[in-house]
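# Fold and geometry: a report
Spelled out from the first residue to the last, the chains are:
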Amino acid sequence: MRSTLYLKFVLIYIAFGFLSIFTVATLGSTLLTSHLEKQIGGELYKEANLMGKNYLPGFFTNTISVTDTQIQLDGMNTYLNADIWITNPTGEILLSSQINPSSPISAKIENFNPAEAGGDQYLIGNYHHSFQEEMITVIAPITQGFSTKGYILIHKPYSDLAKTKNSMLNIGYITLLVIYILSFSILLGLHFFIYCPLRKITEAAKQYASGNLEHEIHINTNDEIGYLSASLNYMSNQLKDMNSYQKKFIANVSHDFRSPLTSIRGYVNAIADGTIPIEMYDKYLNIILFETERLTDLTQDLLTLNEFDTKELLLDKSSFDIHEIIRTTAVSFEGRCTTKKISIELLFASKTLLVYADKRKIQQVLYNLLDNAIKFSNSESNIYVETTEHGGKVFVSVKDTGTGIPKKCISQIWERFYKTDLSRGKDKKGTGLGLAIVKEIVNAHGESINVISTEGVGTEFIFSLSKK
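Computed from a predicted model, the values in this text were never measured in an experiment.

All right, on to helix α7 (residues 322-331) then. Taken residue by residue, α7 has Ile322, His323, Ile325, Ile326, Thr329 and Ala330 as its buried positions. Along α7, the residues classed as buried sweep out an arc of 160° about the axis, all on the same side. Structurally, the start of α7 carries an N-cap: the backbone nitrogen of His323 is 3.1 Å from a side-chain oxygen of Asp321.

Rendered as structure tokens:
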């Protein structure tokens, strides 16, 4: 299967060579023979007519001697390499010049017919058995005034035409051989620059399909094949990262589900077997309730992220007052803020500020950011929510004066299930998905979110929205 394409190239190349030789040897030979017959016959006919009209009439009127005429015929014989006869109207040969003087010729042409060529300018054959080989014969009248005094016949050996044809065919064969060799270099180029890289890419595809994502394609060219191989290498790296992420994701989900489930199971068993006395039921039932809330929150966050991952999120954008949403969200944290003696201060640029976004999703962004701010704020501290306008955008800032984020952790806070050591110490309920959801929602709106944090000083999140 791997060599099928290569074998096709080789078979096509061999077939091309044979067909080319066959075409030149058959069709080329036929066309060339026909062309040379017409060309040589036409040239001989032209020469015969020139002699018959301009020179030979003087031979019949005795203005040109027999000797001078013979010299002229011998010159034509040498020039044309042809036998030349001069006859009277009845076909008697009056004068001749032969290629081979020793060859005998008849004194009179039997069944002489000057019009036997018909519409053609030449005849092909031994001309009434006058020659041992085929000749190209042309006949032209010698006229004086309006009367025909005789005829000039020129006989050129057909073997001369064959020699010319073979010489030209040999040139064609040599040219064809050169083309064939050059085409072989093209075949080699296809082999090294297309077939071999395609084999590597095919092998890589098989390796990826079998799960070997470590396989790498070594093709370093700047053409489409090089781009394809680079894309496949990039794809394998992405798949490796995704595979690693999936394993890490499953491990995190398993950990975050196992912990509360273990607690719930342990306390339920303790209650069931009487290990926990009745008077302590309320305490441990509240713990079980707390753990179930953790599971509910985790499940809801996973469903939210799945909504983004499947690319099925449809934003229900509308115009609304961002200040109203901020106030409503801040009020929902009143209980937690009272417990920790935290104050949320709202700093608005104007009384109302309309934005164009998905109201429910933006409220979730604000909820997650305020939830984090309260979680990492110290008791008796302030949280600031501020809005500003610039360049057709509305910028919302959520700033706390809490523990801050370590510098080495800032680039990782957007990862799913990521929790800083400080988070794991302070927050037992968090899923590690809040900021991942925030970033996905903001990015889905085509906007951006940034974080500024100093450990021990506080953290500020700033995200943008389109102004109505």
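Okay, the pattern of salt bridges next. According to the stated counting rule, one finds five salt bridges in the structure shown. Across the salt bridge formed by Arg336 and Asp371, the nearest N and O atoms sit 2.3 Å from each other. With Arg336 in helix α8 (residues 334-340) and Asp371 in helix α9 (residues 359-375), this pair connects stretches of sequence that are 35 residues apart. Assessed through its relative accessible area of 17%, Asp371 is described here as buried. In this structure, the salt-bridge partner of Glu447 is Lys393, at a minimum N-O distance of 2.9 Å. Here Glu447, found in the loop between α11 (434-444) and β11 (449-454), pairs with Lys393, found in strand β10 (residues 393-400); they are 54 residues apart in sequence, far enough to count as distant. Several salt bridges share partner residues, and in doing so they unite Arg336, Asp371 and Lys375 into one network.

We now examine helix α3 (residues 66-80). Over its 15 residues, α3 runs 21 Å from end to end, which matches the ideal 21 Å to within 8%, given 1.5 Å per residue. Positioned one or two residues after α3, Asn81 has a phi angle of 55°, which is positive.

Time to look at the pairing of strand β2 (residues 93-97). Sheet faces and side chains relate simply in a regular strand, where the side chains alternate between the two faces. For strand β1 (residues 83-87) and β2, the ladder comprises four bridges, and the chain directions are antiparallel. Note that in β2 the partner of Thr87 across the bridge is Ile93. The turn linking β1 back onto β2 is made up of five residues, and Gly91 within it adopts a positive phi angle of 100°.

Under the definition given, this model contains nine aromatic pairs. Seen from their ring centres, Tyr267 and Tyr284 are 5.1 Å apart, and the 40° between their planes marks the pair as tilted. Linking Tyr267 in helix α5 (residues 224-272) with Tyr284 in helix α6 (residues 281-309), this pair joins segments that are 17 residues apart in sequence. A relative accessible area of 19% means that Tyr284 is categorised as buried. Within the aromatic cluster, the residues linked to one another by ring pairs are Tyr13, Phe16, Tyr180 and Phe184.

Turning next to the nonpolar core. Counting residues in each nonpolar core, the largest one holds 40 residues, and the members touching the most others are Ile322, Ile344, Leu366, Leu369, Val396, Phe461 and Phe463. Top contributing element to this core by residue count: α9, with seven residues. With near-sequence residues (within four places) excluded, Ile322 lies in contact with Leu353, Val355, Ile362, Leu366, Val396 and Leu465. Core analysis: the next-biggest nonpolar cluster, separate from the first, contains 25 residues, Ala48, Ala82, Ile136 and Ala140 among them.

Calculation notes
- Residues numbered from 1 in each chain as written.
- Predicted model: local features only at pLDDT ≥ 70, side-chain atom pairs only at ≥ 80, totals over all residues.
- Heavy atoms only, no water.
- Buried < 20%, exposed > 50% of the residue type's maximum accessible area, 1.4 Å probe, protein only.
- Helix = DSSP H or I, 4+ residues; strand = E, 2+ residues; numbered from the N terminus.
- Arc of directions from axis to C-beta.
- Polar contact = N/O pair within 3.5 Å; in protein donor to acceptor, adjacent residues only side chain to side chain.
- Salt bridge = Lys/Arg side-chain N within 4 Å of Asp/Glu carboxyl O.
- Expected span 1.5 Å × (residues − 1).
- Pairing = 2+ DSSP bridges.
- Phe/Tyr/Trp six-rings, centres within 6.5 Å; stacked < 30°, edge-to-face > 60°.
- Core = buried A, V, L, I, M, F, W, Y, C linked by side-chain atoms within 4.5 Å.
- Contact = heavy atoms within 4.5 Å.

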